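Topology and contacts: notes
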Amino acid sequence: MSDYARPAGLALAHFWVACGAFFVAVLLGLYQVLERAELIPVWAEGYYISVTAHGMIMAYVLTTFFILGFGYYTAASSLQRSVWNMPLAWAGFCTMLAGVVLVIFSIVTGQATVLYTFYAPLTAHWTFYAGTLLLLTGSLGWVVNMFVMTVQWQRANPGEPFPLPMFATTANAILWSWMLVGVGCSVAFMLLPLSLGWVDSIDVGLSKTLFAWTLHPITYFWLIPAYIAMYTIVPRVAGGRLFSDNMARVAFILLLVFALPIGMHHLYADPFQAAGWKLLAAFGTFMVAVPTLITGFTVIASMEIAGRLRGGRGMFGWITALPWKEPVVLAQILALLLLTLGGFGGMVNASYGMNSMVHNTMWVPAHFHLVFAGTVMTMYFAIAYHLWPKMTGNMLYSAGMARLQLWFWFIGVAMLTLPWHYLGLLWMPRRTAYLPYAPEFVRQWQPWMELMAVAGVIMVTSALLFIWNLLSTHGNRQPVAERELEFAEPLHPVLRLPKPLNGFALWNTIIVIYMVMGFGYPLLQFFLMEPHNALAWGW
Ligand code: CU
């Protein structure tokens, strides 16, 4: 059936950079919780080096490499065509890797303790920014490949429904391209020149607003592959159907459109923007809950179909009829549980008023660890368990180990992040190496901090099982029966699609309008008023 080349080598190269980086970053996470709980000697510089490396790796290295690898594999499998330009794909990969080496160099030598948001006026060594730019530039090799493959398929199959997995992947490539502009401008035209001494000061407000442009959509760039797996892979493994293909498309479109213009909610506590703009971002942020609610509904309905097809009866019988032993299905159930909790926390952050109650407290890392380490990573594990046998041709080394790993991760994440929310309400600050606060406060925090150290150990164990399982799969002699990556069929076959659900022209036009509305004046104002520049501040 397949007359195209499966890009297994290319995807595996991306995945292994992602997984290796992930493992290192999990170890750093353990160091940080032990340090915060004062179970090991406090070393402030080491802590900030570690937090910066942990954040940079998790947010940019692990995610970007994993998503690109998954994108190449999904594109080839769902369109049944080879990757358009392999040399370009590999060139992009090598450029990104060179960027990672530069960034890591600047961090481990103690010259870039600026955390993963690298907010001005904190200033790192120039290699940090140059490396970041290389990472972003290299990813364009993937973007171009995805766009060209999309256009080629559409030309070859005019009017046909564009396969859903690739529709979502292209939506993500568009999101990534839009999102790059903010951070790209801030790094290329402000932070890099500042770090090289070409300019002696930059406008912090402008730099932070540009970063906010990127910071919200990038979280959806991480989340979309998890949703792709939920819509198109898990229902098939569970033996069901996708409840609605159209609904899935609407969700991906809304994620793309709504996620882009709302980043200003990261500036609620900053003085650079007037309150009205922030309120607008707050409304927009509530809108972005809609595609996630659609996803929750559609994905659970798809699971119900699977459970009923497997003989589950009654109101809840379909839940127990699901193949819980399949790591991919288990992962999805656990990921949805964590997403539900994470979603509620997110509403608090999004609310202009309540946000000030939790700003810069442990609530914030609690929220994004719950959604990112919880939902997103759990689905990345599922993708890895599903794809590794297809890419290597060998059966997964141990499904039992995979289940154990998933449960460990679930328990670890819950044990880490639920107390962090509470600590946030007790006003424990985030991002500090030590806690020189009144003993009445510290005494309240202490028991929860010891719990988070236990959670750290559980999560490291889980990460170890994950890596071990994947490594052992390469040496597993049992061949796998089905190497083709196949996707869930929708409950009702898609014969024709309205044009807006089959392409992106309309949505890109709407995004342009939204971005001008959301960021036009807030960015322009910096060029209309006298600059409020700050000097470089850092290493
Ligand atoms: Cu955000």
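Residues numbered from 1 in each chain as written. Predicted model: local features only at pLDDT ≥ 70, side-chain atom pairs only at ≥ 80, totals over all residues. Heavy atoms only, no water.

A few words now on the confidence of the model for the chain. Looking at the chain as a whole, its pLDDT mean stands at 95, while 99% of the residues score no less than 70. Within the chain, no element has a lower average pLDDT than strand β4 (residues 537-538), which sits at 74, and none a higher one than helix α3 (residues 86-108), at 98. (pLDDT = per-residue confidence, 0-100. Helix = DSSP H or I, 4+ residues; strand = E, 2+ residues; numbered from the N terminus.)

Time to look at the pattern of salt bridges. Scanning all chains against the criterion turns up five salt bridges. As a salt-bridge pair, Glu484 and Arg6 come within 3.1 Å of each other at their nearest N and O atoms. You can see Glu484 sitting in the loop between α15 (439-474) and α16 (505-528) and its partner Arg6 sitting in the segment before α1 (8-36), a full 478 residues away along the chain. In this structure Arg6 comes out as partly exposed when scored by relative accessible area, which is 28%. Asp245 is the partner of Arg249 in a salt bridge, and the nearest nitrogen-oxygen pair spans 2.6 Å. You can see Arg249 and its partner Asp245 sitting in helix α7 (residues 245-259), four residues apart, about one turn around the helix. (Salt bridge = Lys/Arg side-chain N within 4 Å of Asp/Glu carboxyl O. Buried < 20%, exposed > 50% of the residue type's maximum accessible area, 1.4 Å probe, protein only.)

Attention now goes to a nonpolar patch on the surface. On the surface, a cluster of nonpolar side chains totalling about 470 Å² of accessible area is made up of Met354, Met357, Tyr422, Leu425 and Trp448. Along the chain, Trp448 turns up in helix α15. (Patch = residues over 30% accessible without salt bridge, like charges linked within 9 Å, V, L, I, M, F, W, Y side chains within 5 Å. Areas by Shrake-Rupley, 256 points an atom, 1.4 Å probe, with all protein chains shown as cover.)

On to the side chain of Thr378. Tracing the backbone through its elements, the reader meets Thr378 in helix α13 (residues 363-392). At 2.5 Å, the side chain of Thr378 forms a polar contact with the backbone oxygen of Gly374. Not counting the four nearest positions on each side in its chain, Thr378 is found in contact with Ala331, Ala335, Leu338, Ala373, Leu406 and Trp409. (Polar contact = N/O pair within 3.5 Å; in protein donor to acceptor, adjacent residues only side chain to side chain. Contact = heavy atoms within 4.5 Å.)

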